[in-house]
Every structure is written in C-alpha cells, then in structure tokens.
Amino acid sequence: QVQLVESGGGLVQAGGSLRLSCVGSGRTFSSYAMGWFRQAPGKEREFVAAITWNGDYTYYTDSVKGRFTVSRDNAKNTVYLQMNSLKPEDTAVYYCAARWTRASMIPNEYKYWGQGTQVTVSS
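Residues numbered from 1 in each chain as written. Predicted model: local features only at pLDDT ≥ 70, side-chain atom pairs only at ≥ 80, totals over all residues. Heavy atoms only, no water.

A. Summary view of the sheet that holds strand β1 (residues 4-7). In space, the 4 strands of this open sheet follow the order β1-β3-β8-β7, with antiparallel pairing throughout. With one partner strand each, in any of the chains shown, β1 and β7 (68-73) form the two edges of the open sheet. Between one strand axis and the next, the sheet turns through 15 degrees on average, direction left out of account. When strand β3 (residues 18-24) meets strand β8 (residues 78-83), the two strands line up antiparallel, connected through 6 bridges. Note on β8: the bridge partner recorded for Leu20 is Leu81. (Pairing = 2+ DSSP bridges. Helix = DSSP H or I, 4+ residues; strand = E, 2+ residues; numbered from the N terminus. Axes fitted to C-alpha atoms, helices over the stretch in contact; angles between N-to-C directions.)

Written out as structure tokens, the structure is:
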C-alpha cells in the first residue's frame with residue numbers, strides 16, 4: 001500500500017515556474033516507478049512525465065519536453081515535477097501516481113494515486 005500526497009500547485013503567470021512535490025508513504029516507495037498526470041476541465045487525464053524506480057530514466061510528453069523536469073529523492077520518499085516556462089494550456093489538476101517497478105505512460109497501469117493539486121497559469 002502506498003499513499004501519495006501532492007503539493008506545490010497554485011496560480012502563476014505565463015512564463016513562470018512551479019515545483020510540484022509528491023510524498024509517498026511506505027517502505028517500498030523506492031521500488032515504484034512514478035508518474036505525473038494532469039486533467040483539465042472537460043478533458044481526459046493525460047500523461048505528463050514519468051521516472052523509473054531508481055531515477056535512471058525519465059519520460060515526457062512532447063508538449064512539456066524542455067520545460068518540465070521530473071526527479072526523485074528516494075531517501076525522502078518524494079518525487080518532484082519542476083515546471084518552467086508555464087503556459088495557460090498547462091492549467092490542470094496534476095496528479096502523481098505509483099506503479100510497481102516499471103514506468104508507463106498509461107494511467108490505468110498505475111495502482112496508487114494522489115488527490116491532485118491545482119495548477120493555474122494566467123495569460
């Protein structure tokens with residue numbers, strides 16, 4: 001069982017930055033690949049970024065490449081999403097999710113989810 005709690009969302013102007021954090025409970029957190037997803041009003045949940053259990057590999061959706069960076073600190077049971085050069089289209093609720101061992105871009109393959117944190121980017 002893994003419980004996830006996101007934080008760091010908020011309101012920011014276009015071009016600004018935010019860093020999201022996701023803290024996980026449990027001794028096996030370091031065995032889980034972690035993903036970040038987002039969901040805007042009226043849209044389906046979409047993949048944003050993922051990181052393998054040891055942090056060796058990261059994956060991004062094309063629209064955030066070069067602007068977002070996913071990282072993790074297993075000693076702190078925490079995964080981060082650094083978001084730079086934010087755009088209004090990045091506005092959404094952002095969720096972190098955990099999947100045993102292997103990273104994936106498919107939401108249904110993640111077993112554990114946080115409650116989400118709102119990110120709003122004004123133009």
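Still more ground to cover, so stick around.
B. Focus on the state of the cysteines. Across all of its chains, the model carries 1 disulfide by this definition. With its sulfur 2.0 Å from that of its partner, Cys22 forms a disulfide with Cys96. Torsion about the S-S bond of the Cys22 and Cys96 cystine: about 60 degrees, corresponding to right-handed handedness. Of the two residues, Cys22 is situated in strand β3 and Cys96 in strand β9 (residues 92-100); the sequence distance between them amounts to 74 residues. Taking relative accessible area as the criterion, Cys22 reaches 0% and is therefore assigned buried. (Disulfide = S-S within 2.5 Å. Buried < 20%, exposed > 50% of the residue type's maximum accessible area, 1.4 Å probe, protein only.)

So far we have only geometry, and geometry alone does not tell us how the molecule works.
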